[in-house]
Amino acid sequence: MQVKTLYEKLFESHIVREDAGTYLIYIDRHLVHEVTSPQAFEGLRINHRPVWRSKSILAVPDHNVPTTDRSLGISDPISKIQVEKLDENCKHFGLTQFPMNDNRQGIVHVIGPEQGSTLPGMTIVCGDSHTSTHGAFGALAIGIGTSEVEHVLATQCLILKKFKTFEVRVDGTLNRGITAKDIALALIGKIGTAGGTGHAIEFTGESIRSLSMEGRMTLCNMAIEAGARAGMVAVDDVTISYIKDRPFSPKGEELEKAKVYWKTLHSDKDAQFDKTVILNGNEILPQVTWGTSPEMVVSIDGMTPDPQQENDLSKRKSIEDALAYMGLAPNLPVCEIHIDKIFIGSCTNSRIEDLREAAHVLKGKKIAKNIKLALAVPGSGLVKIQAEKEGLDKIFIEAGFEWREPGCSMCLAMNADRLNPGERCASTSNRNFEGRQGQGGRTHLVSPSMAAAASVYGHFVDIRTLN
Amino acid sequence: MKPFISYTGIVAPLDRANVDTDAIIPKQFLKSIKKTGFGPHLFDEWRYLDHGESGMDMAQRKKNPEFVLNHPRYEKATILIARENFGCGSSREHAPWAIEDYGFRAILAPSFADIFFSNCFKNGLLPIVLPAETIDDLFKAINKQEGYSLTIDLENQSVILPSNNKINFQVDAFRKHCLVNGLDDIGLTMQHSETIKAFEKSYYQKNSWLL
C-alpha cells in the first residue's frame, strides 16, 4: 500500500473531481461569522441559489460583539447591522446559529471544537484565516475568502490545488512554563511568516504529542502566521477523549465506527514530506515579539535587533520601520520593555487551559501600577462558565483584570476594546501588525502566562524565574 | 466579474515586504455588508494622517504626503508593485475589493500569501509572481522614470516593458480561464452538481457518523 501523509489522506478522501491538477473538494463543516459572510449570502439571494447543505453550517457572531454588559445590545450602529444581518441570514436559510446572548456563543474557532462540531477527518472551512486551528483534530481546516464562502454555501465544495506537505517536528520535552504559543512563535522566528506559503504543516514529535488539545489548537491556529493555510496534528487518544460527549459529536455505535477510521488519521511511517523542519523542544524559551510581524520575535533573554548589523538593505529597512513604529531602541533587552495594557483572549489563547495558566500566575497578586487596563476575555460563554466554576474569574478580578464577555475583542479591535495610539500591549493574540489592536497601538505577542507575569511586573519577565 | 485580457497602466511602487491585509484595509471598514466602496479607505492608516472611519467626509481628511499613492506622479497608477509576502494575515476579501475599487487591476510581487492570492482572482484582480531580482529591477526603473507603465498580457502570460522586452509569468490554467472570460466559478461548479450528489451518496455511506 502506498504510504501517505495525513494531509494526503484528508485531501484525497474529499476529491469530488479533478481537472488537470485543479480539484473540487467536498467540505464537511462550514463555520460562519458576521464579518465575512453577508456579501456571500447576498450573492446567493441575487442568483436565487439555495444553501447546498444547511446542516454543515454553524454560525456565530464574534468579531463585532461587545465584551461588556450585553443587556444594552450593540451600541455601534454599523456593528449592530452586521450582527443582525447574520441573524437574518441564518433565519432565512435555516442555519444553526448561537446568537450573541446564547451562552454557547463565542469565538468561532473556540466553539467549533467545544461543540464537537469539529471532528477528525473532516474538511472544515470558515471565512477566517485562523480556521487552521481545527487542524489540531486531524482535520483539513482552511481559511477562505468571502467568494469562497459563497461557493461552499452554494455547492458544498471548494476549488483547490494540492498544497505541498511540510513536517514541523518538535523533539524532546518542553521545559516548565513553555507552551504551544512559544513553539509557534519560535517556529515563525525560524522560518518566517512566508515559510509555510503553499504548504500544509503537520506538527509531529514528542513535544507535540505531549500537548493538550488546547495547546494543539493554539499551535495550529498560528500555522497561518507561518504562511501555511493549514496546520494539523495526527489523531491520538488525547484527540478522541476531547471529542467524546460533546453536543454534536457521534455517540454509541457511530462513535465506535468513527474511532476505527479516526485512528488511521496520521502520516504513515516513511511518508515523504516536501519539507521538514526540526525544533528541539527543550531549547525553546518563552517568546516575545518585538516588531510588527510575528517573525520579529526573540526569546525572553534576548534583545531588540540592531538594524546596523543587518547587511540586506531591504531587511534593514523593515527592522528600522518596525522599531520606529514600536517606539523601541535597538539592542534593548526585552525584559526592560514596559507595558500599558494586557490582553488575554483571542482564538489563539482564550480556552480554559489558557485562563488556568494565566490565573496560576496571577493568584494572590495585583497588576502593576503602570498597567492601565488588563482584559481577560474568555473564548466562549461555556469557557466563561467553566472558569467561574473554578473561581478563575475571582483571581483575575482580584488581580485587577476586567472579566469580560466572550468574543474576538482586542485581538483585532473591531469592537470597543482597543489600544490608543502609542499604547503598548502584552497580548496573547496572533498578530502584531501595525494598527491591529487599534491605530498606532503596539502589540507584543506572548503566551497567557507571560502576559499574566507582565501584568504583575509591568514589564516582561521570564516566566521560568517565577514560582 | 470584469474579464482581464490585456491591460496597460502606470505602476506605483509600494516598497514594503509583508504588506498585511490589516494594512490594506483596516478593521473598522469591515463592518460594511457590501462589496463596494472600500477604495477610498485602501491603506487608510498609511494614506491619511487622521484616524479613518466609515462615512467620513473624505475631502476633509489630511493625506500623508509621504505615502507613495499620494505622490502626484502615481495618482493615475493602476498597477501596484510590492515586495515579498504581499497580502499576508487575515483572509478578508475586503482587501482585494479595496485594491480593485481603488482602481488597480494587477499586483506584481516576488510572492503573495495564499488566501489573498486566491481572493484576487475572484475579483478580476491579477496577482503576478516575478523573481525578486526582476521586481527589484522594476522598482529601480519606476523610481527613475515618471509615468513608468507596463502592459500585462494575460493571454500570452507576459509583462511588456516600455522597451518592448517581455517578462513571462506563470499562471494557473483554470484561474486564467476564469479571469480571461470573466467567469463566475460557482456557475462552473454547479455544472457538476450530479457528480457532487454522487460523491455525497457514497461518502455518507462510509462516514455515517457525519450524517
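Note: the structure precedes this text.
So, here's what we can say about the structure. (Residues numbered from 1 in each chain as written. Chains lettered and ligands numbered in written order. Predicted model: local features only at pLDDT ≥ 70, side-chain atom pairs only at ≥ 80, totals over all residues. Heavy atoms only, no water.)

So, about the interface of chain B and chain A. At the junction of the two partners, chain B supplies 59 residues and chain A supplies 72 residues. In this assembly, chain B packs against chain A so that about 5,400 Å² is buried in total across both faces, 56% of it on carbon and sulfur atoms. At the junction of chain B with chain A, the criterion picks out five salt bridges. The closest approach of N and O atoms between Asp184(B) and Arg49(A), which form a salt bridge, is 3.5 Å. On inspection of chain B and its partner chain A, the count reaches 39 residue pairs in polar contact (both at pLDDT 80 or more). Counting only elements with at least two residues in the side of chain B that touches chain A, the list comes to helix 2 (44-47), helix 3 (94-102), helix 4 (114-121), helix 7 (185-190) and helix 8 (193-206) of chain B. By residue number, the principal contributor to the side of chain B that touches chain A is helix 8 of chain B, which donates 10 residues. When the residues that make up the side of chain B that touches chain A are grouped by side-chain class, the tally is 17 nonpolar, 21 polar and 21 charged. (Contact = heavy atoms within 4.5 Å. Buried area = accessible area lost by both parts, 1.4 Å probe. Salt bridge = Lys/Arg side-chain N within 4 Å of Asp/Glu carboxyl O. Polar contact = N/O pair within 3.5 Å; in protein donor to acceptor, adjacent residues only side chain to side chain. Helix = DSSP H or I, 4+ residues; strand = E, 2+ residues; numbered from the N terminus. Nonpolar A, V, L, I, M, F, W, Y, C, P; charged D, E, K, R; others polar.)

Before going further, it helps to examine the pairing of strand 5 (residues 149-153) of chain B. Residue and element names in this part refer to chain B. For strand 5, a buried count of four out of five residues is recorded, marking the element as mostly surrounded by other parts of the structure. Sheet topology places strand 1 (residues 6-14) next to strand 5; five bridges connect them, and they run antiparallel. Paired with Gly9 across the strands is Leu150, a residue of strand 5. Pairing of strand 5 with strand 6 (residues 158-160) involves three bridges; the strand directions are antiparallel. Looking at the pairing, Asp153 lines up with Ser158 of strand 6. (Buried < 20%, exposed > 50% of the residue type's maximum accessible area, 1.4 Å probe, protein only. Pairing = 2+ DSSP bridges.)

In terms of nonpolar packing, the biggest core is built from 111 residues, with Phe396(A), Phe43(B) and Phe86(B) touching the most fellow members. Among residues more than four places away in sequence, those in contact with Phe86(B) are Leu14(B), Val19(B), Ile24(B), Phe43(B), Leu80(B), Ile99(B), Ile107(B), Ala109(B), Ser111(B), Phe112(B), Ala113(B) and Phe116(B). Judged by nonpolar contacts, the second largest core, of 96 residues, contains Ala200(A), Ile208(A), Ala230(A) and Leu265(A). (Core = buried A, V, L, I, M, F, W, Y, C linked by side-chain atoms within 4.5 Å.)

In the Ramachandran plot, Ser409(A) falls in the positive-phi region, its phi being about 55 degrees despite a non-glycine side chain. Along the chain, Ser409(A) turns up in the loop between strand 17 (402-403) and strand 18 (424-427). You can call Ser409(A) buried: its relative accessible area is 0%. Even without a glycine there, the phi angle at Asn164(B) is positive, about 75 degrees. The residue Asn164(B) is located in the loop between strand 6 and strand 7 (166-168) in this model.

Below, the discussion takes up the sheet that holds strand 1 (residues 15-19) of chain A. All names here are of chain A. An order of 1-2-8 is seen for the three strands of this open sheet, with the pairing classed as antiparallel. Strand pairing shows two members of the sheet lacking a second neighbour, strand 1 and strand 8 (157-160), which therefore form its edges. Neighbour to neighbour, the strand axes of the sheet diverge by 20 degrees on average, direction disregarded. Bridge analysis of strand 1 against strand 2 (residues 22-26) gives four bridges, and the strand direction is antiparallel. Along strand 2, the bridge assignment pairs Ile15 with Ile25. (Axes fitted to C-alpha atoms, helices over the stretch in contact; angles between N-to-C directions.)

Below, the discussion takes up the packing of helix 6 (residues 180-191) of chain A against helix 8 (residues 213-221) of chain A. Residues and elements named next belong to chain A. As a packed pair, helix 6 and helix 8 sit with axes 8 Å apart at the nearest point and diverge in direction by 20 degrees. It follows that helix 6 is roughly parallel to helix 8 by the angle criterion. When the axes of helix 6 and helix 8 are compared, the crossing they make is right-handed. Counted together, Ala180, Lys181, Ile183 and Ala184 of helix 6 and Gly215, Thr218 and Leu219 of helix 8 form the full contact between these two elements. Here the residues of the contact of helix 6 with helix 8 sort into four nonpolar, two polar and one charged. (Parallel < 35°, antiparallel > 145°, perpendicular 65-115°, else oblique. Left-handed = near helix turned anticlockwise from the far one by under 90°.)

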